[in-house]
Amino acid sequence: MKKWFSLVIMTSLLVLAACGDDNGELDEIILADADWNSIKVHNAIMQNIMEYGYGFETDTMSGSTANTVQGLRDGDINVYSEVWTDNIREVYEEAIDAGEIIEVSVNFDDNEQGLYVPTYVIEGDEERGIEPLAPGLETVQDLADYPEVFEDPEDAEKGQIVNGPSGWAVNETIVEKIEYYGLDEMYNIMSPGSDAALVSSLASAYESGEPWVGYYWSPTWVTASYDLTLLEDEPFDEEVWQETRGTEFPPNDVTVAVHEDFPEQAPEVNEFLENYETSTALTEEALVYILEEDASPEEAAVYWMELHEDLWTDWVPEDVAESVKEELGI
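Quick look at the structure, then. (Residues numbered from 1 in each chain as written. Predicted model: local features only at pLDDT ≥ 70, side-chain atom pairs only at ≥ 80, totals over all residues. Heavy atoms only, no water.)

**As for the environment of L198**
Take L198: it is sitting in helix 7 (residues 195–208). Along the chain, L198 and P165 lie 33 residues apart, while their C-alpha atoms are 7.3 Å from each other. (Helix = DSSP H or I, 4+ residues; strand = E, 2+ residues; numbered from the N terminus.)

This is the structure we're talking about:
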């Protein structure tokens, strides 16, 4: 009986110790990687500061929007550097209200998203010898007049609209919008397998001067480098949007969010994240660097931190900033 009682006590202590570890300081900070370049850049900036300024090991966990947000709710992921809140509004607000995640700052709020076309499709490009192919195209609804311009290469009877990857929350939104406007009767919807495939589709068409219509957003190196036109839509109306998606995309705060335990597990890092704030233009500088220099997001993050030393050093104490700069050679 004494042995059994001792075993119970030891087991209980181990369980309590484990719980204490869950709520204690972290050995490693895990950031969400939902597979687009801007989140990779912001992750890398944060990781440089977390590792070289605060002494934490860091890593990323890759997955779809749904999987990474669930990982944040469950605590498998500690930090999400780019939550496109309106794309997952219901889930996001539910997690906030349940106390599972905490919004610590707004990374940027001057972004755009929707259906884009290269501007030469509407206006032509005299320098490239491209004639206007859809001169009356202004709105999403106007696409009904031009399915033959955006012909599906695998189905000549319909046009093709390129959606976001199937794992992204916005994918379903675009499908609902296209169906609401009846464009699914004239267009097939193509969902690429990844952000890279989406970029490849647009870049290939743009470089060839071919027509293309599909989902995209800013900030990206694509919107910073290519002359694109965001098709207009009905003015945003909350009720209409929730029912049909038949308006322009709502204002979308792109936030930094953390798991509920993170402020206690890494209070100094959490305080740094509370100060984290950029913009579309600032983010696109790093993304253009990736394109022009064939650089990795990690390399672009170092470039960006050197370029904007005055900005990020205000997010952290002076000694932390100095340690980071010394490690990065800035």
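**Quick notes on the packing of aromatic side chains**
Both the distance between ring centres and the angle between the ring planes are used here to describe each pair of aromatic rings. The final tally for this structure, using the stated rule, is 18 aromatic pairs. Here Y215 and W217 contribute two aromatic rings whose centre-to-centre distance is 6.0 Å and whose plane-to-plane angle is 20°, an arrangement assigned as stacked. Ring centres of Y215 and F249 lie 6.4 Å apart, and the angle between their planes is 45°; on these two criteria the pair is classed as tilted. Of the two residues, Y215 is situated in strand 9 (residues 214–218) and F249 in the loop between helix 9 (238–244) and strand 11 (254–259); the sequence distance between them amounts to 34 residues. Taken together, the aromatic side chains of W36, W168, Y215, Y216, W217, F236, W241 and F249 make up a single cluster linked through ring pairs. Its guanidinium or amino end placed over the ring of Y206, R128 lies 5.4 Å from that ring's centre, counting from NZ or CZ. (Phe/Tyr/Trp six-rings, centres within 6.5 Å; stacked < 30°, edge-to-face > 60°. Lys NZ or Arg CZ within 6 Å of the ring centre and 35° of its normal.)

**Topic: the layout of surface pockets**
To find the voids left in a structure, one rolls a probe of water-molecule size over its atoms. When its volume is computed, the largest pocket comes out at roughly 370 Å³. Along the wall of the largest pocket there are 17 residues; nearest its centre are N87, I88, R89, E90 and R245. Within the residue set of the lining of the largest pocket, elements represented by two or more residues are helix 3 (65–74), helix 4 (89–97), helix 6 (169–180) and helix 9. For the lining of the largest pocket, the element with the most residues is helix 6, which contributes 4 residues. Residue composition of the lining of the largest pocket, by class: 7 nonpolar, 4 polar and 6 charged. Ranked by residue count, the leading element in the lining of the second largest pocket is strand 5 (residues 112–118), at 4 residues. (1 Å grid on protein atoms, 1.4 Å probe; cavity = no way out; pocket = protein on both sides within 12 Å on 5 of 7 lines; lining within 4 Å. Points joined across faces, edges and corners; volume = space filled by probe spheres on them. Nonpolar A, V, L, I, M, F, W, Y, C, P; charged D, E, K, R; others polar.)

**Points about the pattern of salt bridges**
Under the defined criterion, the tally for this structure stands at 9 salt bridges. In this structure, E322 and K325 form a salt bridge, with 3.0 Å as the shortest nitrogen-oxygen distance. Of this pair, E322 and K325 are both found in helix 15 (residues 318–328), 3 residues apart, which corresponds to roughly one turn of the helix. Taking relative accessible area as the criterion, E322 reaches 40% and is therefore assigned partly exposed. The network of salt bridges with common partners includes R73, E94 and E100. (Salt bridge = Lys/Arg side-chain N within 4 Å of Asp/Glu carboxyl O. Buried < 20%, exposed > 50% of the residue type's maximum accessible area, 1.4 Å probe, protein only.)

**Structural notes on the pairing of strand 2 (residues 57–62)**
Where strand 1 (residues 28–33) and strand 2 come together, 6 bridges link them in parallel fashion. Note that in strand 2 the partner of E28 across the bridge is E57. (Pairing = 2+ DSSP bridges.)

**Considerations on the packing of helix 2 (residues 37–54) against helix 15**
At a minimum axis separation of 8 Å, helix 2 and helix 15 run at an interaxial angle of 105°. Considering the angle they form, helix 2 stands roughly perpendicular to helix 15. Along the contact surface, helix 2 presents N48, I49, Y52, G53 and Y54, while helix 15 presents V320, S323, V324, E327 and L328. Residues belonging to the contact of helix 2 with helix 15 are distributed by class as follows: 6 nonpolar, 3 polar and 1 charged. (Axes fitted to C-alpha atoms, helices over the stretch in contact; angles between N-to-C directions. Parallel < 35°, antiparallel > 145°, perpendicular 65-115°, else oblique. Contact = heavy atoms within 4.5 Å.)

Function cannot be read off these values alone, since they describe shape.
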